[in-house]
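# Working through the structure, step by step
Listed below, chain by chain, are the residues.
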Amino acid sequence: MALSIHSQPGRLDMQRTPPQLQMERTPPELRIARHAPQVSMDFSEYRRAVGVRSPVDFAQNNAAEGRATVVEGIGRIAAEGDQLMRIEEGVGFADIAQTRSEPQEAELTLAPVPVPRRTTVDPGGVTMSFTPGDVRISAQLAPVRINYQPGKVTVDTEVPSRMNVQA
């Protein structure tokens, strides 16, 4: 008798796909805006009160006074000429010179003077805004594929046949 054993080994196949990982990053953002301080001083009210004029006002006032002085001077010279023309009335050069040398009247005005200046202050400042960053991670996992084939064991027995032939 013979015994034969045949075996076919089992098989295990594993197929693995590595996972895919994706990462997106948004950086944080910080914005800073600085406003410089501002100081302004207004002296116009004080200057007006004490009689200090701006260059434009000063030039316009001088031009107006100059025109008025010229017109007044022309009128005065014409009047003096008219007086000299009528010499029979007893007006001479000495009389005209004496009227010109008379002291002119001056006027003094006392008035309250305002504070020398008006000061305006803007302290400025800093404005900040912050946007936090972000990280997004996405993963794609692939399943593991398993292929299993079980093994086989075959056992055969051979029994020799006996034949008895008798005649």
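Just so you know, these numbers come straight off a predicted model, no measurement behind them. (Residues numbered from 1 in each chain as written. Predicted model: local features only at pLDDT ≥ 70, side-chain atom pairs only at ≥ 80, totals over all residues. Heavy atoms only, no water.)

## Re the overall build of the chain
Looking only at helices and strands, the chain has three helices and 10 strands in total. Each helix (α) and strand (β) of the chain, taken in turn from the N terminus, gives the series β-β-β-β-β-α-α-α-β-β-β-β-β. For 167 residues, the compact-globule estimate of 2.2 N^0.38 gives 15 Å, and the chain exceeds it by more than 25% at 61 Å. When the 167 residues of the chain are sorted by exposure, 2% land in the buried category. Counting contacts in the chain only where the partners sit at least 6 residues apart, residues at least 24 apart contribute 93% of the total. Only carbon and sulfur atoms are counted for the fraction: they give 56% of the accessible area of the chain, which is about 15600 Å². (Helix = DSSP H or I, 4+ residues; strand = E, 2+ residues; numbered from the N terminus. Rg over C-alpha atoms; globule rule 2.2 N^0.38 Å. Buried < 20%, exposed > 50% of the residue type's maximum accessible area, 1.4 Å probe, protein only. Contact = heavy atoms within 4.5 Å. Areas by Shrake-Rupley, 256 points an atom, 1.4 Å probe, with all protein chains shown as cover.)

## Comments concerning a nonpolar patch on the surface
The grouping of Leu12, Met14, Val144, Ile146 and Tyr148 at the surface amounts to a nonpolar patch, some 560 Å² of accessible area in total. Taken together, the elements giving at least two residues each to the nonpolar patch come down to β2 (11-15) and β9 (145-149). Mapping Tyr148 onto the fold places it in strand β9. With relative accessibility at 55%, the residue Tyr148 sits in the exposed group. (Patch = residues over 30% accessible without salt bridge, like charges linked within 9 Å, V, L, I, M, F, W, Y side chains within 5 Å. Salt bridge = Lys/Arg side-chain N within 4 Å of Asp/Glu carboxyl O.)

## Some details on the pattern of salt bridges
Scanning the model with the defined rule gives five salt bridges in all. As a salt-bridge pair, Asp13 and Arg11 come within 3.1 Å of each other at their nearest N and O atoms. Judged by relative accessible area, Asp13 falls into the partly exposed class, the value being 29%. Ionic pairing is found between Arg136 and Asp134, a salt bridge with its closest N-O pair at 3.2 Å. Judged by its relative accessible area of 46%, Arg136 falls in the partly exposed class. If you follow the salt bridges from partner to partner, you end up with Glu24, Asp134 and Arg136 in one network.

## What about the side chain of Glu80?
By secondary structure assignment, the location of Glu80 is in helix α2 (residues 55-85). Since its relative accessible area comes to 16%, Glu80 is described here as buried.

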